[in-house]
Amino acid sequence: MLSLPAMLRAAAAAAFLAFAMPALAHEGHDDAPASAAPARPRLAVRSDLYEVVAVRETPDRLRLWIDLFEGNEPVTDAQVEVTIGEASLPAEREEDGTYRLTSSLLTRTGAPLDLVFSITAGAAGDDLLSGLLPALPAPDPHTGPFTDPWHEAVEWAAHRPWLVGGGGAALGLLCGLLLARPRSRRRVAAALSLALAATPALAGPGHDHDGPAAAPAIGIDAPSRLPDGAVFLPKISQRLLEVRTITLREADASRTITLVGRVVADPNRGGLAQSIAGGRILAPEGGLPRLGQAVRRGQVLAIVEPAIPVADQTTIAERSGDLEQQIATAEARLARSRNLAASGAGTRVQVIDTEIELEGLRRRRATLAQNRIAPEVIRAPADGVIASARAAAGQVVAAQDVLFQIVDPAGLSVEALVFGADAAMVLREATASVRGGQPIRLVLQGFGRAVQQGATLVQFSIEAPPPGLSLGQPVTVVAEIAEPIRGLILPRAAVVRAANGEQVVWRHVEPETFAAAPVRVEPLDAARVLVAAGLRAGERVVVQGAGLVNQVR
């Protein structure tokens, strides 16, 4: 049986085990998340040309990432030498674009290593960078089993799990601190500080997992959000996400206005195929055209069989019978005239007149028959593709119904609305943007002279229309006006929304650290914005991959 002081020391040891050792949980309740591994020792330096990050993979091996300072693009074809003390060692290029340095000089302990990197990269330029690599920890000469009563107490408590609990641990630590011998009190105090500083609070029987997650350690070797809101993004992650930056510099630009527009067809490069009389649709020899099918001008698209009402059919039948009767009478008269002319009782003039009359009646009969049964042929009015088709075999259509719309994909336009005083502005260059697409360059064609619902129409032609544009598709038009302005210009992709909804830009403050900067921007065109507040010239900001950096938590 242990004495009271020994039991108090055992309680203190049990408390230490409860906080500093993995929690004892029975099967099915191992709910504690795995702790993040600390970052590997690393060195990050930069110059006007390059950024270098060296990570210690093993005691005698370094992994080097080298990127351009301007743009953050990887440098994968450089000649790199690393100087350690008096020795200059070459770094080997790897297939993944990194460099490897292996040397026993890296295993030196006790003090940081002063490294000098010599980089030769052709067109990118040559440079020297230096920095201190954290030293390996010196071996502890006092490692080994305990030789004092603490060893006995720890072993005794380790085999009694009932001592390892939240309330018992706290009580044991406190009692151990108050009642232990003066020489042992320091150890109990150390155990208490370790427990409080290094371990999360113990969950109760209800497994309270709904509380806020613990903040990630500042030095974990993975993307993480730091306590101050910055983002730690290792170079390996920057390359996977293709993070690119620019250095802000003032530039001249023009003010812009934003218009609401839609895609329309060029009237000179397309058209409508309509029926004039209406009737029943018949498929031509090659079949009815499909959506998106290319057609040529004059190509037969459909055949419309005219529909004749019953009353009209009666009228046509009566008219046809009257013509037949007139033709029969004319033929008989012609025969008599020829007989009389042959016998000398008649003249040749009478024969000719009767022949002319008979020929006219026959033509009228042919025309009447043709109009009654001849179908209407619908032909393509221009070269292009079928944008819309509203025809099916057997369908009955009315006069002036649009059966097909043909557009030339290379001849589309944008029609936008201009309100109020903006209509009097002198517009210059303009761009249009479609959600999820690249900016489209526009050329001003002209303003309308009629006001429609308080707005004036302005039309632009599209230079090199991208594939996938559709008639009627809404677009946002950003047009420059003749009013110059000077300031910091950013791509729209550089501005993202923070968790609180404000617009932010991610600044590249260190080789592996990014900080969010709230900004106020004004649109310049479909691809650029003007920074009105929040940034200064000379700062590096992320222009590609900003949305991915913003998602790191």
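For the structure itself, look to the data block above.
The rules behind each value
- Residues numbered from 1 in each chain as written.
- Predicted model: local features only at pLDDT ≥ 70, side-chain atom pairs only at ≥ 80, totals over all residues.
- Heavy atoms only, no water.
- Helix = DSSP H or I, 4+ residues; strand = E, 2+ residues; numbered from the N terminus.
- Buried < 20%, exposed > 50% of the residue type's maximum accessible area, 1.4 Å probe, protein only.
- Contact = heavy atoms within 4.5 Å.
- Areas by Shrake-Rupley, 256 points an atom, 1.4 Å probe, with all protein chains shown as cover.
- Core = buried A, V, L, I, M, F, W, Y, C linked by side-chain atoms within 4.5 Å.
- Lys, Arg positive; Asp, Glu negative; His and termini not counted.
- Salt bridge = Lys/Arg side-chain N within 4 Å of Asp/Glu carboxyl O.
- Pairing = 2+ DSSP bridges.
- Phe/Tyr/Trp six-rings, centres within 6.5 Å; stacked < 30°, edge-to-face > 60°.
- Lys NZ or Arg CZ within 6 Å of the ring centre and 35° of its normal.
- Polar contact = N/O pair within 3.5 Å; in protein donor to acceptor, adjacent residues only side chain to side chain.

With that out of the way, let us pick up the overall build of the protein chain. Scanning the protein chain from terminus to terminus reveals eight helices and 32 strands. Taking all 553 residues of the protein chain together, 36% fall into the buried category. The long-range fraction of contacts in the protein chain, counting pairs at least 24 apart against all pairs at least 6 apart in sequence, stands at 69%. Surface accessibility of the protein chain: about 31,600 Å² in total, with carbon and sulfur atoms responsible for 55%.

Before going further, it helps to examine the nonpolar core. The biggest cluster of nonpolar side chains holds 25 residues, and the ones touching the most others in it are Leu64 and Leu115. Looking at this core, the elements that each hand over two or more residues are strand 1 (42–46), strand 2 (50–58), strand 3 (61–68), strand 4 (79–84), strand 7 (99–102), strand 8 (113–120) and strand 9 (126–133). In terms of residue count, the dominant contributor to this core is strand 8 (four residues). Ignoring sequence-local partners within four residues, the contact set of leucine 115 consists of Leu43, Leu62, Val82, Thr83, Ile84, Leu129, Ser130, Gly131 and Leu133.

A few words on the side chain of glutamate 376. The residue glutamate 376 is located in strand 18 (residues 376–379) in this model. One buried charged residue, glutamate 376, forms no salt bridge at all, with the nearest opposite charge on arginine 379 at 10 Å. Not counting chain neighbours up to four residues away, the residues in contact with glutamate 376 comprise Gln274, Ser275, Ile276, Ala277, Gly278, Ala302, Ile303, Val304 and Pro306.

As a further point, take the sheet that holds strand 1. As summarised here, the arrangement of the five strands in space is 1-2-3-7-6, forming an open sheet in which the pairing is antiparallel. Both outer strands of the open sheet, strand 1 and strand 6 (92–93), are each paired with one neighbouring strand and no more. Pairing geometry for strand 3 and strand 7, over four bridges, is antiparallel. Residue pairing for strand 7: leucine 62 is matched across the bridge by leucine 101.

Across all of its chains, the model carries zero aromatic pairs by this definition. For the cation-ring pair, arginine 540 lies above phenylalanine 69, with the distance from its terminal atom to the ring centre recorded as 4.0 Å.

This paragraph deals with the pattern of salt bridges. Applying the stated criterion across every chain yields a total of 23 salt bridges. Across the salt bridge formed by glutamate 51 and lysine 235, the nearest N and O atoms sit 2.7 Å from each other. Of the two residues, glutamate 51 sits in strand 2 while lysine 235 sits in helix 5 (residues 235–241), which places them 184 residues apart along the sequence. A relative accessible area of 0% places glutamate 51 in the buried class. Judged by its relative accessible area of 1%, lysine 235 is buried. In this structure, the salt-bridge partner of glutamate 92 is arginine 100, at a minimum N-O distance of 2.7 Å. Here glutamate 92 falls in the partly exposed class, since its relative accessible area comes to 46%. In this structure arginine 100 comes out as partly exposed when scored by relative accessible area, which is 23%. Residues joined in a network through salt bridges with shared partners are Glu51, Asp67, Lys235, Arg239 and Arg540.

Strands pair in a sheet through their backbones, by hydrogen bonds, and they do so in one of two ways: parallel or antiparallel. Read across the open sheet, the four strands follow the order 18-17-15-20; overall the sheet is antiparallel. Both outer strands of the open sheet, strand 18 and strand 20 (396–397), are each paired with one neighbouring strand and no more. Inspection of the sheet shows strand 17 (residues 300–305) paired to strand 18 by four bridges, in the antiparallel sense. Residue pairing for strand 18: valine 304 is matched across the bridge by glutamate 376.

As a further point, take the pairing of strand 9. Only one face of strand 9 is buried: it carries Asp127, Leu129, Gly131 and Leu133, and the other face, with Asp126, Leu128, Ser130 and Leu132, is open. Here strand 8 runs beside strand 9; their pairing, made up of eight bridges, is antiparallel. The partner of valine 116 across the bridge, within strand 9, is serine 130. Hairpin connection of strand 8 to strand 9: five residues between the antiparallel strands, including glycine 122 at a positive phi of 65 degrees.

Summarising the element assignment, glutamine 238 is placed in helix 5. Glutamine 238 sits in the buried class, given a relative accessible area of 1%. For glutamine 238, the side chain forms a polar contact with the side chain of asparagine 72, separated by 3.1 Å. Among all residues touching glutamine 238, those that are not within four sequence positions of it are Asn72, Leu233, Val243, His508, Pro511, Glu512 and Phe514.

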